[in-house]
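# Observations on the three-dimensional arrangement
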Amino acid sequence: MKTLLLQIFTWWNGQTIGTRFHTWRFGKKVGQDEFGNTYYEGGTTSWGMPRRWVIYKGYAEASAIPPGWHGWMHYRTDTPPSKESYVARDWQKPHQPNLTGSAQAYRPQGSIAVPGERPRVTGDYDAWTPGG
C-alpha cells in the first residue's frame, strides 16, 4: 500500500503510477546499470527517434546515470552498454551524489558559510565614488 501511495503522490522516489503504466504498455527493457537503474526504449519522439527513459532505483537523481548509459540516453550512441563491453575512459569520473546542503558541500573562501574574505580577482568591480 505504501508503494502505491508513493507512486501516486511522488515523482522523486522511483516511478510514478503513470510511468509504470507507460512502461508496461510501451517499454522494452534495454538494460540495467550498477546502481540498479533500469533503462527502457519504446515508441518514438516527435522527431522520429526511439523514446528512451530510465527508472531510478530509489531517489531520482540524473547524475546517478553512469557515462555509458548517459551517452545512450542522449542519442550519442545507438548501442546501449548492456549490448557491448563498455569501459569508461580515464577522464570519466564515477558518480558522486549532489552534496549541496550537506556538511560536505563545496564552500569556497569568502562564501557566507566560510569566514574570511574572498580573494580579489581581475574581474572585480571597483565602484566609483565622487571625489575619489
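Presented here is an overview of the structure given in this document. (Residues numbered from 1 in each chain as written. Predicted model: local features only at pLDDT ≥ 70, side-chain atom pairs only at ≥ 80, totals over all residues. Heavy atoms only, no water.)

### A few points about the overall build of the protein chain
Applied cut-off: Runs of H or I in DSSP of at least four residues are treated as helices and runs of E of at least two as strands, each being numbered from the N terminus. Radius of gyration here uses only the C-alpha atoms, and the compact-globule reference equals 2.2 Å multiplied by the residue count raised to the power 0.38. For every residue, the accessible area obtained with a 1.4 Å probe (protein chains only) is divided by the maximum for its type, and the residue is called buried under 20%, exposed over 50%, and partly exposed between those limits.
Per the secondary structure count, the protein chain includes three helices and three strands. For the protein chain, the succession of helices and strands along the chain, N to C, is α-α-β-β-β-α. Taking 2.2 N^0.38 as the reference for a compact globule, 132 residues should give roughly 14 Å; the C-alpha atoms of the protein chain span a radius of gyration of 22 Å, well beyond that estimate. Each of the three principal axes of the protein chain carries a C-alpha extent, and together these read 75 × 40 × 30 Å. Out of the 132 residues in the protein chain, the part that is buried amounts to 27%.

### Regarding the packing of aromatic side chains
Put simply, the rule is: Stacked, tilted and edge-to-face pairs are distinguished by plane angle, under 30 degrees for stacked and over 60 for edge-to-face with tilted covering the rest, among Phe, Tyr and Trp rings (Trp via its six-membered ring) whose centres lie within 6.5 Å.
Tallied over the entire structure, the rule returns five aromatic pairs. On the numbers, 6.5 Å between centres and 90° between planes, the contact of Tyr39 with Trp72 is edge-to-face. Here the residue Tyr39 occupies a position in strand β2 (residues 38-44), and Trp72 occupies one in helix α3 (residues 67-73), the gap between them amounting to 33 residues. On the accessibility criterion, Tyr39 (0% relative accessible area) is buried. On the basis of relative accessible area, Trp72 is assigned to the buried category, the value being 1%. Between Trp69 and Trp72, the aromatic rings sit 5.5 Å apart at their centres with planes inclined by 90°, giving edge-to-face as the arrangement.

### A word on the pattern of salt bridges
Our working rule: Definition used for salt bridges: Asp or Glu carboxyl oxygen within 4 Å of a side-chain nitrogen of Lys or Arg.
Within this structure, the stated rule accounts for two salt bridges. Note that Arg52 is salt-bridged to Glu41, the shortest N-O span being 3.0 Å. Here Glu41 lies in strand β2 and Arg52 lies in strand β3 (residues 50-55), a separation of 11 residues in the sequence. You'll find Arg52 and Glu41 in the same group, each marked buried.

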